[in-house]
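Here is how the chains run, residue by residue.
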Amino acid sequence: MMRDAAIDVRALRHSYGQREVLRGLDLRVAAGEIYALLGGNGAGKSTTLSALLGFIRPGSGSVQVCGIDPATAPQDARAQLAYVPESVALYDHLTARENVEYFLALARAARDRGTVIDPALDAVGLPGHAWDARVGGFSKGMRQKVAIALALARHVPVLLLDEPTSGLDPSATLEFNRLIETARDRGVAILMVTHDLLSAVDVADRIGFLSEGRIEEELVAGAAGARFDLNALHARYTGAKVSG
Ligand SMILES: Nc1ncnc2c1ncn2[C@@H]1O[C@H](COP(=O)(O)OP(=O)(O)OP(=O)(O)O)[C@@H](O)[C@H]1O
């Protein structure tokens, strides 16, 4: 039995026209857990995120974000979460500090620089010299740091990440993984949609394979040093035979 399932999806079905994309999806992510959702192109990962964000009204089943149904109360559900898309949307002409301040104002959240904004920018490891620089010149990794800082400053219990490491080099990926561990260690429930097996193996507490519209297999991280079997995961993903 999982306690504190901040994300709780049960028997979710969703069709686009005649095409049924989700066929009884069950997915739960607890507070303080990183869940990597894997699946081939078109498996329904983005559709799952859309359901959590309240952008689609599922045909049947239930979706809850901290006990709130995003289909019927989208604003309330979105107040509980931060969504970081593949390409982080920020105002390029504003600085990192100003972006966080602006989005906190939109969310009607506390936005004192000394006690809220600066500690969040510090927690995500954005170098001090970048705090007052316009984000237009930031790399993807730096933009993500600003987005996660905003999530930490809002104290949201749920973080949704869509392909966060695509386009990041290996060291930026590791840095990103350490960053979301900071959020996890603060009790945030993190759902990460990804094709990046290395990143999932490095950081996830559980990995779920979405196929045929449901979680076909779920793996739980083992002890440190042997968290997941990367070769077996790769073979599972590609349908290839594992050698050795
Ligand atoms: N708005 C839509 N209208 C019709 N069909 C859609 C719509 N959105 C997605 N689909 C279809 O639903 C299926 C699942 O799409 P979805 O984007 O959820 O998959 P995905 O797992 O996120 O894929 P990818 O890894 O390529 O991003 C695909 O066949 C897609 O073409």
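Basis of the calculations
The residue numbering used here restarts from 1 in each chain and proceeds along that chain's sequence as written. Confidence filtering applies because this is a predicted model: local features only for residues at pLDDT of at least 70, side-chain atom pairs given and counted only at 80 or more, and all residues used for totals across whole chains, interfaces and linings. Only hydrogens and water are set aside when side-chain values are computed; all heavy atoms of the structure are taken into account. Paired strands, as defined in this entry, are two strands with at least two bridges between them according to DSSP. Labels follow the DSSP assignment, with helices taken as runs of H or I lasting at least four residues and strands as runs of E lasting at least two, numbered in each case from the N terminus. Inter-axis angles, ranging from 0 to 180 degrees, are taken between N-to-C directions of lines fitted to C-alpha atoms, where helices are fitted over the stretch in contact. Residue contacts are defined here by distance: any two heavy atoms, one from each residue, within 4.5 Å place the two residues in contact. UniProt positions are given in the numbering used here, feature names are shortened, and annotations may be inferred rather than shown by experiment. Should a side-chain nitrogen of Lys or Arg be within 4 Å of a carboxyl oxygen of Asp or Glu, the pair is scored as a salt bridge. Only protein chains enter the accessibility calculation, which uses a 1.4 Å probe; a residue is then buried when its area is under 20% of its type maximum, exposed when over 50%, and partly exposed in between.

**Student:** How should I be thinking about the sheet that holds strand E5 (residues 81–84) in this particular structure?
**Tutor:** Strand-to-strand pairing in sheets goes through backbone hydrogen bonds, with the strands running parallel or antiparallel. If you trace the 6 strands from one edge of the open sheet to the other, you get E5-E6-E7-E3-E8-E9, paired in mixed fashion. Taken across any chain shown, the strands that pair with only one partner, and hence form the sheet edges, are E5 and strand E9 (214–220). Pairs of neighbouring strands in the sheet enclose a mean axial angle of 20°, with direction left out of account. One ladder, built from 4 bridges, connects E5 with strand E6 (residues 158–162); its direction is parallel. Residue pairing for E6: alanine 82 is matched across the bridge by leucine 159. On top of the sheet, helix H5 (residues 140–154) reaches E5 and E6; it is set at about 175° to E5, its chief contact. Helix H8 (residues 230–238) rests against strand E3 (34–38), strand E8 (206–211) and E9 of the sheet, and its axis sits at about 15° to E8.

**Student:** Would you mind going over the UniProt feature "domain: ABC transporter" (unreviewed entry) in the chain with me for this structure?
**Tutor:** In the UniProt entry, the feature "domain: ABC transporter" (unreviewed entry) is given for residues 7–237. Along residues 7–237 the backbone is 35% helical and 26% strand, and the end-to-end C-alpha distance reaches 24 Å.

**Student:** Would you mind showing me how to read the pattern of salt bridges here?
**Tutor:** Oppositely charged side chains may form a pair once their charged atoms are brought near each other. In total, this model carries 18 salt bridges according to the counting rule given. For aspartate 132, the salt bridge goes to arginine 97, with nearest N and O atoms at 2.7 Å. Remark: arginine 97 occurs in helix H3 (residues 96–106) and aspartate 132 occurs in the loop between helix H4 (113–123) and H5; sequence separation between them is 35 residues. Given a relative accessible area of 14%, arginine 97 falls into the buried group. Sharing partners across several salt bridges, the network here consists of Arg178, Glu181, Arg184, Asp185, Asp202 and Asp205.

**Student:** I'm lost on the environment of glycine 17 in this one. Help?
**Tutor:** Position of glycine 17 among the secondary structure elements: in the loop between strand E1 (5–16) and strand E2 (19–30). Overall, the relative accessible area of 67% leaves glycine 17 in the exposed class. A C-alpha to C-alpha distance of 37 Å links glycine 17 and arginine 184, two positions 167 residues apart in sequence.

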